[in-house]
Amino acid sequence: MDDDQDGDGWLLAQDCDDTDPAIHPNQDDLADGVDQDCDGVMDEDSAAEGALAFSELFPVIRSKTTDYDDFLELYLSVPLGLSGWTLQVGDDVSVLEERREAPGSWALLCSAGLAARVPECGVVVEPWPPLSRLEDSLVLEVEGRPIASIAWDASWGLSSHGLQADLLSLLAGGEVQELAAWCEAEPSPGRENLACSP
Ligand SMILES: [Ca+2]
Ligand SMILES: [Ca+2]
Ligand SMILES: [Ca+2]
Ligand SMILES: [Ca+2]
């Protein structure tokens, strides 16, 4: 019986892909959405601060009627996988699980319930954090390293809509800006944000 089909020296029990010799527990985990080192956390060795940014926030608001209540959107400047990452909202810590690869540069983070209804939701956050506490900050971390963060700002004037980052400001100078121009907006989950009008 062949216990090491790909010949990388790791048996099936430790090798999370025994058909690919470039995947085993001794590998560096590259920024590519694949867990090369089989630890259940994606891309943790290569994710650098600023590699992604929050680009939309839609907390629960009772007056909203859209299907997309309560989601977060991230803009990814490199094709990072997010499984095993953590999201801190205030004192609450949740774990991310990627259900499908991000289409293009956008990752949509949802509760398990919303992900079951809305196919664009690619990353389940468990448990879904209470985003309605407007005084909180949101910090996305991998293995204790913060990669992206954002803090609620009262000047955003959150009322009947959610918030989006102005894409042109978010990517000013070719780099992802952490807290660029934000405005109230209709939801555009998993799609390019429109520019905030002046
Ligand atoms: Ca193997
Ligand atoms: Ca392997
Ligand atoms: Ca890993
Ligand atoms: Ca990887």
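Residues numbered from 1 in each chain as written. Chains lettered and ligands numbered in written order. Predicted model: local features only at pLDDT ≥ 70, side-chain atom pairs only at ≥ 80, totals over all residues.

A. Region of interest: the overall build of the protein. Helix and strand content of the protein: 2 helices and 10 strands. Taken from N to C terminus, the helices and strands of the protein fall in the order β-β-β-β-β-α-β-β-β-β-α-β. Expressed as a percentage of the 198 residues in the protein, the buried residues total 35%. (Helix = DSSP H or I, 4+ residues; strand = E, 2+ residues; numbered from the N terminus. Buried ≥ 20, exposed ≤ 12 C-beta atoms within 10 Å, placed from the backbone.)

B. Geometry of the pairing of strand 7 (residues 137–142). Bridge count between strand 3 (residues 86–89) and strand 7: 4 bridges; the pairing is antiparallel. Among the inter-strand pairings, Q88 is bridged to a residue of strand 7, identified as V139. Of the pairings in the sheet, the one linking strand 7 to strand 8 (residues 145–151) comprises 6 bridges and is antiparallel in character. When the bridges of strand 8 are listed, L140 appears paired with A148. (Pairing = 2+ DSSP bridges.)

C. Structural view of unusual backbone geometry. Residue P127 is bonded to the preceding E126 through a cis peptide linkage, with omega at -10 degrees. Within the fold, P127 resides in the loop between strand 6 (123–126) and strand 7. With a phi angle near 60 degrees, C38 is a residue other than glycine that sits in the positive phi range. Relative to the elements of secondary structure, C38 occurs in the segment before strand 1 (52–58). Despite not being glycine, D43 shows a phi value in the positive range, around 65 degrees. Note on placement: D43 falls in the segment before strand 1.

D. Structural view of the environment of D18. Following the sequence through the fold, D18 ends up in the segment before strand 1. Each C-alpha atom of the pair D18 and D8 lies 8.2 Å from the other, and the pair is 10 residues apart in sequence.

E. Local environment of the environment of S105. Residue position: S105 is located in the loop between strand 4 (92–98) and strand 5 (106–110). For S105, a count of 17 C-beta atoms within 10 Å gives the class partly exposed. Apart from the residues within four sequence positions on either side, S105 is in contact with Y75 and L76. (Contact = placed C-beta atoms within 7 Å.)

F. Main features of the environment of L163. Along the polypeptide, L163 turns up in strand 9 (residues 162–165). Sequence separation between L163 and L57 is 106 residues; the distance between their C-alpha atoms is 5.2 Å.

G. Region of the structure containing the pairing of strand 3. Here strand 3 pairs with strand 4 via 4 bridges, running antiparallel. Paired with Q88 across the two strands is V93, which belongs to strand 4. The antiparallel pairing of strand 3 with strand 4 creates a hairpin that spans 2 residues between the two strands, and G90 there sits at a positive phi of about 60 degrees.

H. A look at the nonpolar core. Counting residues in each nonpolar core, the largest one holds 41 residues, and the members touching the most others are L52, L74, A107, L109 and C110. Secondary-structure elements contributing two or more residues to this core are strand 1, strand 2 (71–76), strand 5, helix 1 (112–117), strand 6, strand 7, strand 8 and strand 9. (Core = buried A, V, L, I, M, F, W, Y, C linked by C-beta atoms within 7 Å.)

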